[in-house]
Structure formats: C-alpha cells, structure tokens
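An overview of the molecular structure
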Amino acid sequence: MDTNMSVRASAENLSTDNQNSGEGGNMCLELALEGERLCKAGDCRAGVAFFQAAIKAGTDDLRTLSAIYSQLGNAYFYLGDYLKAMQYHKHDLTLARTMRDKLGEAKSSGNLGNTLKVMGKFDEAMICCKRHLEIAQELKDKLSEGRALYNLGNIYHAKGKHIGRTGQQDPGEFPEDVRSCLQQAVQYYEDNLQLMRELNETAAQGRACGNLGNTYYLLGNFKQAIHYHEERLKIAREFGDKAAERRANSNLGNSHIFLGEFESAADHYKRTLVLAQELGDRAVEAQACYSLGNTYTLLRDYSTAIDYHLRHLIIAQQLMDRVGEGRACWSLGNAHAATGNHEKALYFASKHLEISNELGDPMGQATAQMNVSDLRKTLGLPYEPTSGAEEDRPSPGMRRFRVRRQSMEELDLIQDDLLDLIAGMQSKRMDEQRVALPHLPGLHPPEVLQRLSLTDENGAPDDTFLEMLMRCQGSRLEDQRSTLPVDTEPEVEPCPPSRGPTVPDEDFFSLIMRLQSGRMEDQRASVPVRSVLAKSAVGGGGNRKEKKK
C-alpha cells in the first residue's frame, strides 16, 4: 500500500470509528485541522483525504463546514482537478449566502471565479469576481478589494489571450475584441497597483507590474511593457525572488525583440538562462536557449544561433518534447541554410517534416515541405514527394482533437451542475413556500438549515447576482467553445497544449517565419530585418523616437 492510500485509509477509519461513537462533530474538526496542516506542508493529496473524511464525519457547525469546503476547493485547484474545485467552492458560496456571511461570500465568489477562469469560462468568472469586488468595497476591506481587482485583471487578460490564440497575430495586431479585453485588464491591474501602493504592499506591487508589462506587450506598447517589467525586476531582486526575476528578464527580452533592440534582448535572455540553471528548471533553460538562438539569428550571428539551438534540441530530446524538438530542427535548418551548409540544412528540415507529420501540425508540415523542396533543388537532388500511405489514417493531431472534443463535451456537463446552485437558491416555491436549498455534504443534521431565517423576505438571497449568472450560464449551454484549462496566472503559466514545455509562449515564431520562410533562394538571408521589425513595432503601438527610460 502506497503512502497516499495508507493516509486515506487511516483518515476514513478515524471518521467511521467516531461516527459510530457519536463524536462526529469533534472528529470533523480534528480531521479538518490535520488536512489543513498537510496542505500547508505541500501534501495536498493527503490533505484532501483528511478533508473528505471530515465531511464524512459531519458537523452542524456551518463555519467549520465552510472552511472545509474552501480548503478542499483550493486543494483540488492545486492538484489540477478543476471540476471538483468548482464543486466545493460552489458549496462554500451556497453556505456563505445561507449564513448571510458577506466576507465569506466575497472570498468564495473570488475562489469560484478563479476556478471558472482556468476552465475557460471567462464570463461566469467575471460575474463572480465582480461580486467579490462589490462586497469588498461595501465592507471597505482594502486587501480583499485589491485581490478582486487583481483577479478581474487576470480574467480579462486570460480571455484576451484565449481569443487571440485563434489567429497568428503578433503583439499589437490583435482584433478589437481582444484589445478591448486587454485594455480592461490594464484598468483593473492599474487600480490594483494604486491600491497596493497605498497599502505599501510591495510584493503585490511586483505582481501587478509584471502583469501590466505582459498586457502592454500584447497591446503592442513595448516601451510601456519594458517600463513595468523593469519595475517587476527591481522588486523581484529586492525580495530575492529568482523565479520572478527570471520571468521579468524573459519578458524584457521579448519586448526588446519587437523594438529591434536585439543586443538588449540577448542580454536579458542570457540572464534568464543563468537563473533557469540556478533554479534547476531544465524546460525554462531550453526556452532561454531557444530565444537566444532566435535572437542571434536576427543578429545574423548564425554560428552562435546554431550553438543555442543545439542546446535547445538536446534538452527537448531529454524531456521528450517533440514539439520543441521539431521547432529546434526548423531553426537549425534555417541557420545552416543561411551559412551555406545545405546538407545539414536538409537533414534538419527533413527531421522537422518528420516530426510535424507525427504531430499532425499542418503549419509545420507546409513550412518543412517547402524548405525540403527548396534545399533539394539547391543541392541538385531529385524531388521526393512524401508518402500518401498515411493519408487515410487519422493523424495524431486529429486523434488529439477527438479526445479534446470529447473532453469539451464532458466539460459542458458541469454547466447544468452550476445551474443547480442557481436554481436551488433562486427558485421560490408557489404560495410563499420555503426556498429549496441544495444538498450540502457533511452537514449533520441537514435540518440545521431550517433554523436559519431563509423565509424572511428581507433576508432572501440577492437575486440580481444569481440572475446575471443564470443568464450568462444559459447562453453558454449552446456554446461548444468551452476549453480545458488555459491560464492560471499571466505571469507564470502552465504550458498550453499547442506548444511543448521547452518552447516559450511568446516565441515571436510568426515574426521569424515572415523574415525567413520562402527565402531559401537567397542563402545569405539578406532580409532587411531591422526595418521590418521597426515597422512591426510602430504598427503595434511602439514609439521609435522615444528613448529608453
């Protein structure tokens, strides 16, 4: 029996023994306290086992039960089980509103909003977090207000990035609906930053600055992005936060790239590489090598670019990241072609094509096929069309799509789940009968809810919030665009399915493709790189005449 199974069995045995002895209420609290201790120690799986045992033991103390729901929701969120996290934060919200606990309602609304955000349900998340903000302002709780502002900024930022991923636009070139989301995110982040300055919360100021930098970057305002990332870097160094320092350097490198300031970008990427090595993060080390390889390609220092891309390739292979491996082969093929080493260029272009076919990557396939064809012509080799034997077989990409489609359909089932909360709290029985409340696990005896003055007209739940959530939720039942988790934090994100762990999210891939793809006839890559970048930067809102601050 492994450790987790042993812990779970122990917790369940304690719960059962004390239920039989009639001491469920006391044992519920003891089990919950042990669950809290385990979660704080970083063992969330064991903590969940104790929290579940506490619910099984049961209690009539609504505040204890609320704390258990909240902790369970947070633990499941940490473990990546967002459906269960949503379920328990929903229970917590129901209980807080039942007790008319405004502070508890604000907290649970915020937690539910964050969970809905990572599930891609942005509109519902906004409603919950706006409710959190409304209550915090009503209670004049500045710290809670700051958290609500920050969470709302994260939601609008995540929604903007999510919509923007459907195209191939560079920063500053997004359509109006994306820009509107990002501008709203800026407003919330700036309000949060101002409030954190008033409260002298320096660490929170750093997070706000980092997210403002990221958002201005997406809006194409690279000078402003650099300003905020430099502030982020300063605060990270002040606190000795190497992970935040690494992120700030990486983000500064990205912003300098789009201003055509490649030397400055290289300096920041080198610092990113050193910090990644100090932190022992191999994936981020590979990302830094990839960014440095691309930067030196733009500087036309191809030998240095090749060195960094080879380092990226080796780590991608060690981490079994086929997406990253394919990207490294593509980059190495271009760099070798630029130096006139067409044999090596063909080898890497062929590897890129092989990996793209394996992954079912249509853009990679088209790019690699074009490069292979051009290189074979340059070397005087006959054209060899790719085999069509695989055409009738579903590609890995299509298989992944089918799995994702099924997951999306399963995810949509939770929308009836969330409607249970709304219907349970909103429906009023005919002839002024009592409100039908949903079942709350762990509440013993359930009749304790009837002791609360739920039928008092003045104490009825606020229908405005619930009606807004109901309308928004109802509209999403027909919307099959729901996706699996995207962002949990704009400053530090999980790896989306479309890229490998060794490829940075902001890798200016399309920019380099514009500059290099289809130019194999000119093996010296004599593209006016800086002029193209300058045009891109100005078009995206950058100001070439403005000097660096």
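Residues numbered from 1 in each chain as written. Predicted model: local features only at pLDDT ≥ 70, side-chain atom pairs only at ≥ 80, totals over all residues. Heavy atoms only, no water.

**Some details on the packing of helix α8 (residues 142–164) against helix α9 (residues 176–198)**
Where we set the bar: Only C-alpha atoms enter the line fits that serve as axes; for helices the fit covers just the stretch in contact. Angles between N-to-C directions range over 0 to 180 degrees. Here a strand is any run of E in DSSP of at least two residues, a helix any run of H or I of at least four, and the numbering for each starts at the N terminus. For classification, angles of less than 35 degrees are called roughly parallel, those exceeding 145 degrees roughly antiparallel, those between 65 and 115 degrees roughly perpendicular, and all remaining angles oblique. In this scheme, a crossing is called left-handed if the near helix is turned counterclockwise away from the far one by less than a right angle; it is called right-handed if the turn is clockwise. For this classification, Asp, Glu, Lys and Arg are treated as charged, while Ala, Val, Leu, Ile, Met, Phe, Trp, Tyr, Cys and Pro are nonpolar and the rest, including Gly, are polar.
Two elements in contact, α8 and α9, have axes whose closest approach is 8 Å; the angle formed by their N-to-C orientations is 160°. Viewed along their axes, α8 and α9 adopt a mutual orientation that is roughly antiparallel. Where α8 crosses over α9, the two elements pack in a sense that is left-handed. The residue inventory of the contact of α8 with α9, partitioned by class, reads 13 nonpolar, eight polar and five charged.

**Quick notes on the packing of α9 against helix α10 (residues 202–218)**
Two quantities define a packed helix pair, namely the angle between the helix axes and the distance between the axes. To be explicit about the condition: Note on contacts: a residue pair is in contact if any heavy atoms of the two residues lie within 4.5 Å.
The contact between α9 and α10 brings their axes to 9 Å, and the two run at 160°. The pairing of α9 with α10 is recorded here as roughly antiparallel in orientation. Considering only the axes of α9 and α10, their crossing is left-handed. Residues Leu182, Ala185, Val186, Tyr189, Glu190, Asn192, Leu193, Met196 and Arg197 of α9 lie in contact with α10, whose contacting residues are Ala204, Gln205, Ala208, Cys209, Asn211, Leu212, Thr215, Tyr216 and Leu218. When the residues that make up the contact of α9 with α10 are grouped by side-chain class, the tally is twelve nonpolar, four polar and two charged.

**Regarding the UniProt feature "repeat: TPR" (unreviewed entry) in the chain**
Worth spelling out the cut-off: UniProt positions are given in the numbering used here, feature names are shortened, and annotations may be inferred rather than shown by experiment.
UniProt feature "repeat: TPR" (unreviewed entry): in the numbering of this structure it lies at residues 66–99. Secondary structure across residues 66–99 divides into 88% helix and 0% strand, with the first and last C-alpha atoms of the span separated by 10 Å.

**Details of the pattern of salt bridges**
For clarity, the threshold we go by: What makes a salt bridge here is a side-chain nitrogen of Lys or Arg within 4 Å of a carboxyl oxygen of Asp or Glu, nothing more. Categorising residues by exposure relies on relative accessible area from a 1.4 Å probe, with only protein chains included: less than 20% of the type maximum marks a residue as buried, more than 50% marks it as exposed, and the intermediate range marks it as partly exposed.
Per the stated rule, a full pass over the model turns up 17 salt bridges. With its nearest N and O atoms 3.2 Å apart, the salt bridge here joins Asp101 to Arg63. Here Arg63 lies in helix α4 (residues 62–78) and Asp101 lies in the loop between α5 (82–98) and α6 (102–118), a separation of 38 residues in the sequence. The buried category is assigned to Asp101, whose relative accessible area is 16%. Here Lys121 and Glu124 are joined by a salt bridge, their closest N and O atoms 3.9 Å apart.

**Structural notes on the nonpolar core**
Nonpolar side chains in soluble globular proteins tend to end up buried together. What counts, and what does not: Nonpolar core, defined: a set of buried Ala, Val, Leu, Ile, Met, Phe, Trp, Tyr and Cys residues in which side-chain atoms within 4.5 Å join the residues together.
Counting residues in hydrophobic clusters, the biggest one holds 60 residues, and the most contacted among them are Leu212, Tyr216, Ile257 and Leu292. The greatest single-element share of this core, amounting to nine residues, is contributed by α9. Dropping the residues within four chain positions of it, Leu292 is found in contact with Ala266, Tyr269, Lys270, Leu273 and Tyr308. In this structure, Cys39, Phe50, Ala54 and Ala75 belong to the second largest nonpolar core, which totals 28 residues.

**Describing the packing of aromatic side chains**
Quick reminder of the rule: Between rings of Phe, Tyr and Trp, where Trp is taken as its six-membered ring, a pair exists when centres lie within 6.5 Å; planes separated by under 30 degrees are stacked, by over 60 edge-to-face, and by other angles tilted.
Throughout the structure, instances matching the rule amount to eleven aromatic pairs. Ring geometry for Tyr69 versus Tyr88: centroids 6.2 Å apart, planes at 40°, classification tilted. With Tyr69 in helix α4 and Tyr88 in helix α5, the pair connects residues that are 19 residues apart, well separated along the chain. The pair Tyr69 / Tyr88 is uniform in exposure class, with both members buried. Where Tyr76 meets Tyr88, the ring centres are 5.9 Å apart and the plane angle is 15°; that geometry is what we call stacked. Separated by twelve residues along the polypeptide, Tyr76 in helix α4 and Tyr88 in helix α5 bring together distant segments of the chain. Among the aromatic residues, those joined into a ring-pair cluster are Tyr69, Tyr76 and Tyr88.

**Remarks on α10**
Definition in use: To estimate the expected span of a helix, subtract one from its residue number and multiply by 1.5 Å.
Taking 1.5 Å per residue, 17 residues should reach 24 Å; α10 reaches 25 Å between its end C-alpha atoms and fits that length. Judged by how many residues are buried, α10 sits mostly within the fold: 14 of 17 residues are covered.

**A few points about the side chain of Thr59**
Applied cut-off: Here a polar contact is recorded for every N or O atom pair within 3.5 Å, except that within protein the pair must consist of a potential hydrogen donor and a potential acceptor, and residues adjacent in sequence are included only if both atoms are side-chain atoms.
Looking at the secondary structure, you find Thr59 in the loop between α3 (44–57) and α4. Take Thr59: its relative accessible area is 5%, and that puts it in the buried class. At a separation of 3.0 Å, a polar atom in the side chain of Thr59 contacts the main-chain amide nitrogen of Asp61.

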